There are 2 protein chains.
Amino acid sequence: MTYRVMGVDPGLTRCGLAVVDIEPNRRSTLVAVGVVGTDPGRSLDERLLVISEAVDSWLDLHSPEVLAVERVFSQLNVSTVMGTAQASGVVIVSAARRGIPVALHTPTEVKAAVTGNGQADKTAVTKMVTKILRLETPPRPADAADALALAITHAWRRGAQPGVTPGLVTPAQRIWAEAEARARRR
Amino acid sequence: MTYRVMGVDPGLTRCGLAVVDIEPNRRSTLVAVGVVGTDPGRSLDERLLVISEAVDSWLDLHSPEVLAVERVFSQLNVSTVMGTAQASGVVIVSAARRGIPVALHTPTEVKAAVTGNGQADKTAVTKMVTKILRLETPPRPADAADALALAITHAWRRGAQPGVTPGLVTPAQRIWAEAEARARRR
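Small disclaimer: the values here were computed from a predicted structure and weren't measured.

1. Description of the pairing of strand β2 (residues 14-22) of chain B
All names here are of chain B. Burial analysis of β2 places eight of its nine residues in the buried class, the great majority of the element. Bridge count for strand β1 (residues 3-9) against β2 is seven bridges, and the pairing is antiparallel. The partner of G7 across the bridge, within β2, is A18. Here β1 hands over to β2 after four residues, the two strands then running antiparallel side by side. Where β2 meets strand β3 (residues 28-37), nine bridges bridge the pair, whose relative direction is antiparallel. Across the sheet, the residue bridging to R14 is G37, located in β3. With antiparallel pairing between neighbouring strands as the criterion, β2 and β3 make up a hairpin whose turn holds five residues, including R26 at a positive phi of roughly 75°.

2. Brief notes about the interface of chain B and chain A
Each partner contributes residues to the interface: chain B has 27 residues there, and chain A has 27 residues. Taken together, the two surfaces of chain B and chain A that pack against each other cover about 2,100 Å², and 68% of this comes from carbon and sulfur. Inspection of the chain B/chain A interface yields two salt bridges. With a shortest N-O distance of 3.1 Å, D56(A) and R97(B) are connected by a salt bridge. Linking chain B with chain A are six residue pairs in polar contact (both at pLDDT 80 or more), by the criterion used here. Taken together, the elements giving at least two residues each to the side of chain B that touches chain A come down to α1 (44-62), α2 (81-97) and β5 (102-105) of chain B. The greatest single-element share of the side of chain B that touches chain A, amounting to 12 residues, is contributed by α2(B). Within the side of chain B that touches chain A, the residues separate by chemical class into 17 nonpolar, seven polar and three charged.

3. Considering α2(B)
Taking 1.5 Å per residue as the helical rise, α2(B) with its 17 residues ought to reach 24 Å, and the 24 Å between its terminal C-alpha atoms agrees with that figure. G99(B), located one to two residues past α2(B), shows a positive phi value of around 75°.

4. Some words on the UniProt feature "binding site: Mg(2+) 2" (unreviewed entry) in chain A
Feature annotation in UniProt assigns "binding site: Mg(2+) 2" (unreviewed entry) to the following positions: E70(A). Discounting residues that sit within four places of it in the chain, E70(A) has contacts with V8(A), D9(A), P10(A), H105(A), P107(A) and L150(A).

5. Brief notes about the relation of the copies chain B and chain A
When chain B is brought onto chain A, the operation consists of a screw motion whose angular component is 180° and whose axial shift is 0.0 Å, with 0.0 Å RMSD remaining. In the structure described here, the two chain copies are related by an operation that fits a two-fold rotation axis. Ranked by how close their C-alpha atoms come to the rotation axis, the residues of chain B are headed by Q86(B), at 2.2 Å. Here 100% of the contact residues of chain B are again contact residues in chain A; the copies associate through an equivalent surface.

6. Remarks on helix α1 (residues 44-62) of chain A
With 19 residues, α1(A) should reach 27 Å at 1.5 Å per residue; the first-to-last C-alpha distance of 27 Å fits that figure. S63(A) sits one or two residues past α1(A) and shows a positive phi near 45°.

7. Quick word on the sheet that holds β3(B)
Residue and element names in this part refer to chain B. Strand order in the open sheet formed by five strands is β3-β2-β1-β4-β5, with mixed pairing between adjacent strands. Since the sheet does not close on itself, it has two edges, and those belong to β3 and β5, each with one partner. With direction set aside, neighbouring strand axes in the sheet form an average angle of 20°. Judged from the four bridges that link them, β1 and strand β4 (residues 66-70) form a sheet pairing that is parallel. Its bridge partner lying in β4, M6 is registered against L67. Contacts from α2 reach β1, β2, β4 and β5, with the element oriented near 170° to β4.

8. Observations concerning the side chain of D146(A)
Residues and elements named next belong to chain A. Among the structural elements, D146 can be located in helix α5 (residues 145-157). Only 2.9 Å separates the side chain of D146 from the side chain of K122, close enough to count as a polar contact. In contact with D146, other than residues within four places in its own chain, are D9, K122 and V125.

9. What about the packing of helix α2 (residues 81-97) of chain A against α2(B)?
The interhelical angle for the contact between α2(A) and α2(B), taken along N-to-C directions, is 65°, at an axis separation of 7 Å. α2(A) and α2(B) meet at a crossing whose hand is right-handed. Judged by residue contacts, V81(A), M82(A), A85(A), Q86(A), S88(A), G89(A), V90(A), I92(A), V93(A), S94(A) and R97(A) of α2(A) engage V81(B), M82(B), A85(B), Q86(B), S88(B), G89(B), V90(B), I92(B), V93(B), S94(B) and R97(B) from α2(B). Here the contact of α2(A) with α2(B) is composed, by residue class, of 12 nonpolar, eight polar and two charged.

10. A closer look at the pattern of salt bridges
What the rule picks out here adds up to 16 salt bridges over all chains. Among the salt bridges present, the one from D60(A) reaches R98(A), with a minimum N-O distance of 2.7 Å. You can see D60(A) sitting in helix α1 and its partner R98(A) sitting in the loop between α2 and β5 (102-105), a full 38 residues away along the chain. Residue E109(A) is joined to R157(A) by a salt bridge in which the shortest nitrogen-to-oxygen separation is 3.4 Å. Of the two residues, E109(A) sits in helix α3 (residues 107-115) while R157(A) sits in helix α5, which places them 48 residues apart along the sequence. Here E109(A) falls in the partly exposed class, since its relative accessible area comes to 24%. R157(A) gets classed as partly exposed once you look at its relative accessible area, which sits at 47%. Shared partners join several salt bridges into a network, and the residues in it are D56(A), D60(A), R98(A) and R97(B).

Calculation notes
- Residues numbered from 1 in each chain as written.
- Chains lettered and ligands numbered in written order.
- Predicted model: local features only at pLDDT ≥ 70, side-chain atom pairs only at ≥ 80, totals over all residues.
- Heavy atoms only, no water.
- Buried < 20%, exposed > 50% of the residue type's maximum accessible area, 1.4 Å probe, protein only.
- Helix = DSSP H or I, 4+ residues; strand = E, 2+ residues; numbered from the N terminus.
- Pairing = 2+ DSSP bridges.
- Contact = heavy atoms within 4.5 Å.
- Buried area = accessible area lost by both parts, 1.4 Å probe.
- Salt bridge = Lys/Arg side-chain N within 4 Å of Asp/Glu carboxyl O.
- Polar contact = N/O pair within 3.5 Å; in protein donor to acceptor, adjacent residues only side chain to side chain.
- Nonpolar A, V, L, I, M, F, W, Y, C, P; charged D, E, K, R; others polar.
- Expected span 1.5 Å × (residues − 1).
- UniProt positions renumbered as here; feature names shortened; annotations may be inferred.
- Least-squares fit on C-alpha atoms with pLDDT ≥ 70 in both.
- Axes fitted to C-alpha atoms, helices over the stretch in contact; angles between N-to-C directions.
- Left-handed = near helix turned anticlockwise from the far one by under 90°.

What follows is the structure, encoded as structure tokens:
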């Protein structure tokens with residue numbers, strides 16, 4: 001009954017990867033976390049290939065039931081946005097080739113799901129991810145916290161398993177359920 | 001000695017594909033031209049997979065020596081730019097997986113190479129592509145003309161084969177050489 005989600009925070013220079021197992025009672029366990037980095041001095045095709053091969057091998061190794069990817073926006077008119085979009089395309093198609101469904105979540109959705117506040121900063125997200133996953137120290141590498149948060153968010157937004165009453169076992173999970181209830185009331 | 005170039009004009013809804021053979025004397029021959037369309041009503045992962053599989057099959061069927069792709073810019077702040085970037089990432093990685101080198105050219109470079117004017121309109125580009133490829137009618141589908149222009153541009157910008165004096169055999173090729181000479185003088 002464990003639901004395995006892979007989260008990817010796409011980027012051309014650093015791409016956060018995370019795999020989390022979520023039980024019907026929402027207890028969440030870290031399976032794997034990492035970052036695939038590419039050298040900005042290499043060509044675009046070489047960099048995208050590194051990302052593609054890393055995601056392929058994570059999908060094959062961990063066999064997630066779904067891939068959750070951060071939705072990218074053109075409104076963020078920064079120099080890296082095109083590379084981020086290209087990387088996200090490569091990541092999405094890796095899952096699609098394997099018949100693994102892909103879900104997109106915005107940064108605001110992820111922050112709201114994990115902290116209860118869509119405007120939360122990186123520190124707050126990392127703190128809640130650390131609690132939700134019952135880790136003793138914040139996840140390393142630090143910039144993979146968003147990928148973990150994405151995976152958790154997807155499992156949450158998907159809703160509870162049918163017929164299962166969530167059993168809340170940690171303070172973080174209680175906070176999480178309260179935040180969810182607040183979000184539902186909106 | 002024929003140099004085979006595949007050109008791709010990336011897009012999520014319509015992606016132009018073209019393969020052109022270019023001889024050392026710059027005589028250019030159409031090998032294949034087409035458009036892969038995806039249904040905007042389908043999910044992003046399904047659409048990117050359709051593009052990925054189309055490009056894979058073209059690369060396997062035609063074995064180009066290089067893939068020329070239009071460079072996308074975030075400055076074009078239009079709603080389709082993120083989908084275009086995601087599609088381009090998928091296209092680029094298809095070539096990278098096969099060890100086929102990828103070259104990026106801007107729309108201005110393509111227009112300048114084919115017509116001698118970086119601000120040329122679509123009609124002018126199509127007209128010159130038709131001439132360069134010695135076609136009796138403009139290429140169909142019409143929106144694949146940019147992919148053909150990309151392939152031709154790449155072969156041109158790559159420069160003449162070493163030790164080969166270009167033999168200009170058509171008026172279009174003479175215009176082309178003159179435009180190239182002008183570009184070099186700048």
